[in-house]
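What follows is the residue order along each chain.
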Amino acid sequence: MSKQKFRTAVFDLDGTLLDTLYDLAACADKALASYGLPGHSMQDYRTYIGNGIPKLVARAVPPGTSEEDIQKVLNFYLSYYPEHCAEHTRFFPGVEKTIRTLHERGYLLAVLSNKTEATTKKIIDRYFPDAPFRVVWGNNGVRPLKPATDAGYLLLSELGCGPEEVFYVGDGDTDMEFASRMGFFAAGAISHRYTRNSTAKIPRIHQTTVMFSHLLHQRLPVCSWAAQACCLRAGPD
C-alpha cells in the first residue's frame, strides 16, 4: 500500500486526550443531589456519557422524572460544571508524550470537541498549558456539532490542509461518523466508553488493532494510550 503523508492530527477531548469521566460524574451527582435525586456509580456513568450533556442528565434522572425537573437538573449541571470541570480529570497514559512528540515532528495539532468552547479551552489550558494546538474549538453556539461536517471544513480552511492529510482520533461513534464523512484517516481511542464493536455500523471499518506510531510512519514512541486503535480504513503502510 502506498504511503500516506499526514500533516495534521486532530483530537476529540473527552475520552481521547483526557479521562474526564470523574468530573462529569461528580458534577452530575451534585446536580442530582441538589434536587434530592440519587447519584450513580462510576460504572453507571460510563454507560450514560456520549451524545451530549442533555442526554447524560436524561439518563441519570430516575424513570418518570418530569421534563420540567429534568431541565432543572440540566440547568444546575450547566452552571456548575464549567467551574468544576478540571478537579478530577486526568491524563491517559502516554498522551502528554505523544502530543509533545507530534509537535516536535512538525505536525499541526488541533482539538475539536462538542463541549462548550469556553469549557474546552479551560480544560486544555489547565492540562496542556504549553501545548501548541493551533486550534481549540468546541460548541460556540454557531458551528454545528459533530458529526456534522461544518466545523471540519472550517478547520481545514483554518489549518490550510486537505482531508487526506488529517489523522483524526476520537473515542465514540459520533467521532467515527464525523471522520468518515470528512474523509479523514481515523482511529478510535480505547478509553472509558469506546469499543471496537460500537463502530460496526460505520463504513470502511478496518477491524485491526494497530500502533499509533506505525500509522504515522513509525516516527513516534509507542505509548499505552495511543497503541490501541480501530481504523476506519487501511493504514499508510
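The residue numbering used here restarts from 1 in each chain and proceeds along that chain's sequence as written. Totals for whole chains, interfaces and linings use every residue, but because this is a predicted model, local features are given only for residues with pLDDT of at least 70 and side-chain atom pairs only at 80 or more, for both listing and counting. Only heavy atoms go into the side-chain values, all of them from the structure, while hydrogens and water stay out.

**Points about the overall build of the protein**
Then, in step 1: The helix and strand labels rest on DSSP assignments: H or I over at least four residues marks a helix, E over at least two residues marks a strand, and numbering proceeds from the N terminus. When helices and strands are counted, the protein shows nine helices and nine strands.
Then, in step 2: Exposed residues in this analysis have more than 50% of their type's maximum accessible area, buried residues have under 20%, and partly exposed residues fall in between, with area computed by a 1.4 Å probe over protein chains only. Counting over 237 residues, the protein shows a buried share of 50%.

**Observations regarding helix 8 (residues 173-182)**
Then, in step 1: Taken together, the buried positions of helix 8 are D175, M176, F178, A179, S180 and M182.
Then, in step 2: Residue contacts follow a heavy-atom distance rule, with two residues in contact if any of their heavy atoms lie within 4.5 Å. Contacts from the buried residues of helix 8 go to strand 4 (108-116), helix 7 (150-159), strand 6 (166-170) and strand 7 (185-188).
Then, in step 3: Two residues or fewer past helix 8, G183 is found with a positive phi of approximately 80°.

**Section: helix 3 (residues 53-60)**
Residue pairs spaced three or four apart in an α-helix point in one direction, given the helix's 3.6 residues per turn.
Then, in step 1: Among the residues of helix 3, those classed as buried are L56, V57 and A60. Down the axis of helix 3, the sector holding all buried residues measures 95°, keeping them to one side.
Then, in step 2: The elements touched by buried residues of helix 3 are helix 1 (21-33), helix 2 (42-48) and helix 4 (67-80). Directions are taken from the helix axis to each C-beta atom, and the arc is the one they span.

**Description of the pairing of strand 6**
Then, in step 1: Most of strand 6 is tucked away, with five of its five residues classed as buried.
Then, in step 2: Alternating positions in strand 6 separate into two faces, V166, Y168 and G170 on one and F167 and V169 on the other, with burial throughout.
Then, in step 3: With four bridges connecting them, strand 1 (residues 8-11) and strand 6 associate as parallel partners. Residue F11 lies in a different strand from strand 6, and its bridge partner there is V169.
Then, in step 4: Pairing between two strands is assigned when DSSP locates at least 2 bridges connecting them. In this structure, strand 6 lies alongside strand 7, joined through four bridges in parallel fashion. Bridging from a neighbouring strand, Y168 pairs with A186 of strand 7.
Then, in step 5: With its strands directed away from the observer, a crossover is right-handed exactly when the path from the first strand over the helix to the second travels clockwise. Considered for its hand, the β-α-β crossover made up of strand 6, helix 8 and strand 7 is right-handed.

**Some points on empty space enclosed by the protein**
Then, in step 1: Cavity and pocket criteria rest on a 1 Å grid covering protein atoms alone: a 1.4 Å probe that fits but cannot get out defines a cavity, protein on both sides within 12 Å along at least 5 of 7 lines defines an open pocket, and an atom within 4 Å of a point defines a lining residue. Grid points are joined across faces, edges and corners, and a volume is the space filled by probe spheres set on the points. Taken as a whole and assessed by the stated rule, the structure comprises three cavities of 30 Å³ or more.
Then, in step 2: There is about 60 Å³ of room inside the largest cavity.
Then, in step 3: Lining the largest cavity, in full, are L112, S113, N114, G138, N139, R143, P144, L145, K146 and A151.
Then, in step 4: No other element matches strand 4, which puts three residues into the lining of the largest cavity.
Then, in step 5: In this count, Pro and Cys sit with the nonpolar residues alongside Ala, Val, Leu, Ile, Met, Phe, Trp and Tyr, while Asp, Glu, Lys and Arg are called charged and the others, Gly among them, polar. Considered class by class, the residues forming the lining of the largest cavity number four nonpolar, four polar and two charged.

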